[in-house]
Amino acid sequence: MSALFNFHSFLTVVLLVICTCTYIKMQFPAILQKRTGFRGFFWKAARIGERLSPWVAVGCFAMGISIIIF
């Protein structure tokens, strides 16, 4: 089943994209310097990770626990 049709998988993918983009922006800031086009999507995801990092961390922790339990 595709991640688009399974809400649990979709949330996992979204959280992983946010965390990955934030990490890449911290390590290689020149890659996500442009805010237009396709890179703009990743820049926005990195911005969400920077500004809402405690909530993203709680979401990743909760998702990890739910994957282990369910």
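Only a predicted model underlies this, so the values are computations on that prediction, with no experimental measurement involved.

**Q** In this structure, what is going on with the packing of helix 1 (residues 7–27) against helix 2 (residues 37–51)? I would like to understand it.
**A** Helices that pack against each other are described as a pair by the angle of their axes relative to one another and the distance between those axes. Helix 2 packs onto helix 1 with a crossing angle of 90° between their chain directions and a minimal axis gap of 7 Å. Taken together, the axes of helix 1 and helix 2 lie roughly perpendicular to each other. Where helix 1 abuts helix 2, its residues Val17, Ile18, Cys21, Thr22, Lys25 and Met26 lie against Phe41, Phe42, Trp43, Ala45, Ala46, Arg47, Ile48, Gly49 and Glu50. Taken together, the residues of the contact of helix 1 with helix 2 break down into 10 nonpolar, two polar and three charged.

**Q** Any chance you could explain the UniProt feature "transmembrane region" (unreviewed entry) in the protein here in plain terms?
**A** In the numbering adopted here, UniProt assigns the feature "transmembrane region" (unreviewed entry) to residues 6–24 and 52–69. The annotated region residues 6–24 carries 95% helix and 0% strand content, and the separation between its end C-alpha atoms amounts to 27 Å.

**Q** Teacher, can you tell me more about helix 3 (residues 53–69) here?
**A** For the α-helix, the turn length of 3.6 residues means that residues three or four positions removed from each other point alike. The terminal C-alpha atoms of helix 3, which comprises 17 residues, lie 24 Å apart, in line with the 24 Å expected from a rise of 1.5 Å per residue. Of the residues making up helix 3, those classed as buried are Val56, Met63 and Ser66. The buried residues of helix 3 occupy one face: seen down the axis, they fall within an arc of 90°. Along helix 3, exposed side chains directed more than 90 degrees from the buried face belong to Pro54, Phe61, Ile68 and Ile69.

Criteria and cut-off values
Residues numbered from 1 in each chain as written. Predicted model: local features only at pLDDT ≥ 70, side-chain atom pairs only at ≥ 80, totals over all residues. Heavy atoms only, no water. Axes fitted to C-alpha atoms, helices over the stretch in contact; angles between N-to-C directions. Helix = DSSP H or I, 4+ residues; strand = E, 2+ residues; numbered from the N terminus. Parallel < 35°, antiparallel > 145°, perpendicular 65-115°, else oblique. Contact = heavy atoms within 4.5 Å. Nonpolar A, V, L, I, M, F, W, Y, C, P; charged D, E, K, R; others polar. UniProt positions renumbered as here; feature names shortened; annotations may be inferred. Expected span 1.5 Å × (residues − 1). Buried < 20%, exposed > 50% of the residue type's maximum accessible area, 1.4 Å probe, protein only. Arc of directions from axis to C-beta.

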